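Residue-level structural notes
Residues per chain, in single letters:
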There are 2 protein chains.
Amino acid sequence: MSSSLGRPLTVLIQGTGLIGTSVGLALSSAGWTVHLRDPNADALDQAHSLGAGSKDAVAADAVDLVVVAAPPAVTSDVVTASLDEFSRAVVTDVASLKEHILRQVQDHPDSERFIGGHPLAGRELSGPTGARSDLFEGRPWVITPNAGQDVAQEVVEHLINTVRADKIVMSAKKHDESVAVTSHLPQIMASATAARLMTLDSEALSLSGQGLRDVTRIAGSDPDLWGQIIEGNAQALDALLGEVIDDLTRLRADLHDPAADASTVATDLVRKGQTGQARIPGKHGSSAQRYVSVSVVIPDEPGRLAALFDAVGLLGVNIEDVSLEHSPGQPVGLATVFVIPASVDTLAQGLVDSGWVVYR
Amino acid sequence: MSSSLGRPLTVLIQGTGLIGTSVGLALSSAGWTVHLRDPNADALDQAHSLGAGSKDAVAADAVDLVVVAAPPAVTSDVVTASLDEFSRAVVTDVASLKEHILRQVQDHPDSERFIGGHPLAGRELSGPTGARSDLFEGRPWVITPNAGQDVAQEVVEHLINTVRADKIVMSAKKHDESVAVTSHLPQIMASATAARLMTLDSEALSLSGQGLRDVTRIAGSDPDLWGQIIEGNAQALDALLGEVIDDLTRLRADLHDPAADASTVATDLVRKGQTGQARIPGKHGSSAQRYVSVSVVIPDEPGRLAALFDAVGLLGVNIEDVSLEHSPGQPVGLATVFVIPASVDTLAQGLVDSGWVVYR
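Before going into details, it helps to say that this report is about the structure given with it. This one's a predicted model, so the numbers in the text were calculated from it and none came from an experiment. (Residues numbered from 1 in each chain as written. Chains lettered and ligands numbered in written order. Predicted model: local features only at pLDDT ≥ 70, side-chain atom pairs only at ≥ 80, totals over all residues. Heavy atoms only, no water.)

Side chains of a nonpolar character, in soluble globular proteins, are inclined to be buried together. With 59 residues, the main nonpolar core has Ile 230, Leu 237 and Leu 248 of chain A together with Ile 230, Leu 237, Leu 248 and Leu 251 of chain B as its most contacted residues. Counting 42 residues, the second-largest nonpolar core is a separate cluster that includes Ala 335 and Val 337 of chain A together with Ala 348 and Leu 351 of chain B. (Core = buried A, V, L, I, M, F, W, Y, C linked by side-chain atoms within 4.5 Å. Buried < 20%, exposed > 50% of the residue type's maximum accessible area, 1.4 Å probe, protein only.)

Chain A puts 130 residues into the contact, and the matching count from chain B is 130 residues. When the two sides are added together, the surface that chain A and chain B hide from each other amounts to roughly 11700 Å², 62% of it contributed by carbon and sulfur. The salt bridge involving Asp 214 of chain A is made with Arg 217 of chain B; its shortest N-O contact spans 3.6 Å. If you look at where chain A meets chain B, you find 30 residue pairs in polar contact (both at pLDDT 80 or more). (Contact = heavy atoms within 4.5 Å. Buried area = accessible area lost by both parts, 1.4 Å probe. Salt bridge = Lys/Arg side-chain N within 4 Å of Asp/Glu carboxyl O. Polar contact = N/O pair within 3.5 Å; in protein donor to acceptor, adjacent residues only side chain to side chain.)

Two copies of a chain can be linked by a rotation about an axis combined with a shift along that same axis. Relative to chain B, chain A is turned by 180° and slid 0.0 Å along the rotation axis, the superposed coordinates differing by an RMSD of 0.1 Å. Put plainly, the chains are arranged around a two-fold axis. The position closest to the rotation axis in chain A is occupied by the C-alpha of Val 215 of chain A, lying 2.0 Å away. Here 100% of the contact residues of chain A are again contact residues in chain B; the copies associate through an equivalent surface. (Least-squares fit on C-alpha atoms with pLDDT ≥ 70 in both.)

Here the focus is the sheet that holds strand E2 (residues 33-37) of chain B. Residue and element names in this part refer to chain B. Taken in spatial order, the seven strands line up as E2-E1-E3-E4-E5-E6-E7 in an open sheet, and their pairing is mixed. Of all the strands in the sheet, the pair left with one neighbour each is E2 and strand E7 (166-169). With direction set aside, neighbouring strand axes in the sheet form an average angle of 25°. Bridging between strand E3 (residues 65-68) and strand E4 (residues 90-93) involves four bridges; their strand directions are parallel. The partner of Val 68 across the bridge, within E4, is Asp 93. (Pairing = 2+ DSSP bridges. Helix = DSSP H or I, 4+ residues; strand = E, 2+ residues; numbered from the N terminus. Axes fitted to C-alpha atoms, helices over the stretch in contact; angles between N-to-C directions.)

This paragraph deals with the environment of Gln 149 of chain B. All names here are of chain B. Considering the arrangement of structural elements, one finds Gln 149 in the loop between strand E6 (140-144) and helix H5 (150-162). With sequence-adjacent residues up to four places away left out, Gln 149 is seen in contact with Ser 111, Glu 112, Arg 113, Phe 114 and Ile 115. A distance of 2.7 Å separates the side chain of Gln 149 from the backbone nitrogen of Asn 146, its partner in a polar contact.

Right, dumping it as structure tokens:
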């Protein structure tokens, strides 16, 4: 198979949802021969019409790589069926949990042709119409090869390079433990926070602020999908949930006890969180450290936000992040623009000069 | 005192941090006579130089209203001292907890001149330089009067109207219970989630995504301030923490039990969160319901985001919300623009026509 790596491959994508269709779009535009399959004829038609690949049948021995982009619950079945049907193909998947699937596939006689994968490129959308050929560009794509899978790994890495993702190699166990912290626990905590709003009266809800909105944003996620994911990562989540329950129980006990200095327990928890939060890599996570903000008052009418960004553009300043702040019924909004420290004076003075109301 | 309500009042602001200075700026620009006090001479000088008010001494009987904008821990002391010193003034405060302070002030012989207040207009910044005269415009400002405080209430409402905030009248107990859900529990949950990142290795951290960033954003808050706030709202937080601990303990038990259908417990929790999250009022909280999104690919270089918003402005479309998505090292970003459903076709087609790569 290693001789294949200089050339575009022939790939079958099993499942034309958001991820499968996006893989198809990216590979097709790179000149690969892409075939698509999906039990849902509408999804298949949409993916095909978007240019993700062909709906035609493909000869089993022509397929170099099968990408299983099916729902998590059926992924391992589709993987084993693909190993059976395509006798010389490497098979990979995109499910958000890896150990589970590896365990179900490992007894297959051809399991050495399977390498688990997980592109971290979900969107709040789903289905082929949400697909993008650049969905994976610069995003982590984890693969979980075992020892002795070098040849299969080369094929999957060819896929990852072609869609311009960032390859991360780790064990399935390490992957599942990592996403338990970075993805699954945050989902549980957001949901548990938002669940308290179910019975809150509207007077109390009127005190909702941006903090609540941030913490609970992902609480809007799909319950059935997330139920499966949480169940599937039970072992890694067990220890984390234990730690969180301990923290909250200790805090609650100290709040109960008039003798204890509860503020120390609460302060310690917030301080630990502050330390942990500062470790999140990348643009958004570290904007407090790396960027400075300028806030600008904008009337809530067409064109004003555009005019602001136009003014910023004329100053030659690159916007690293932006947030809009807006209360219900408020006629005036506040745009906060994050830039590198070297740009902030140019930006603030330039905006003031062109008549904007600016707060640093 | 009711005769005073047709005219600008004479006010003393005790504490020239972010909130006190912003109140001073708003009232000064409305023609009120504003005097400032702060034990920190630098903060006082800054607030004065920003135009928030006078540093001169004021005759005790000239003061109509004292606004105590001191740190939470000393608020009740400053309130009672103000009641002593200014014999005809109404006194209010801006602390984020109300019952606590009410209890400490209620035995003062002039406590009927005190009405607790809480403007919900914090910023991630602090100090007088973060102050804005429009900080309170359209934002909730809670007051917690007792029966028989009509005259004092009129004075405080005059203040709230003058800074153009939205007055919300509720009991101190109701206020503290409400912010426990909408503000204090979210802070605890964000901190408890982020605390798990303290010991996570960088390989695992590289899998951080936007969900984690949203949930933990407020975990960057000041530990000492939040320690005080959490301690001060122990009673309301007790019940909430109990509910959360119950939810997490039930989930953990079901994840432990191979016989139980854990996905039901997990799915139920996520579903409860989804229902609760949908109840958050206002622009950001309900954007999933009220707005539709269009995603646009933007190269990460000066002027491209500006050019995008310029293009949107030319189409006459009002942007309701915007988010930037950007992975570390990724040369291309994705701006997601939220608009009302009636605008989405105009926006998407118009952007495509002017050469943007657009995903709906």
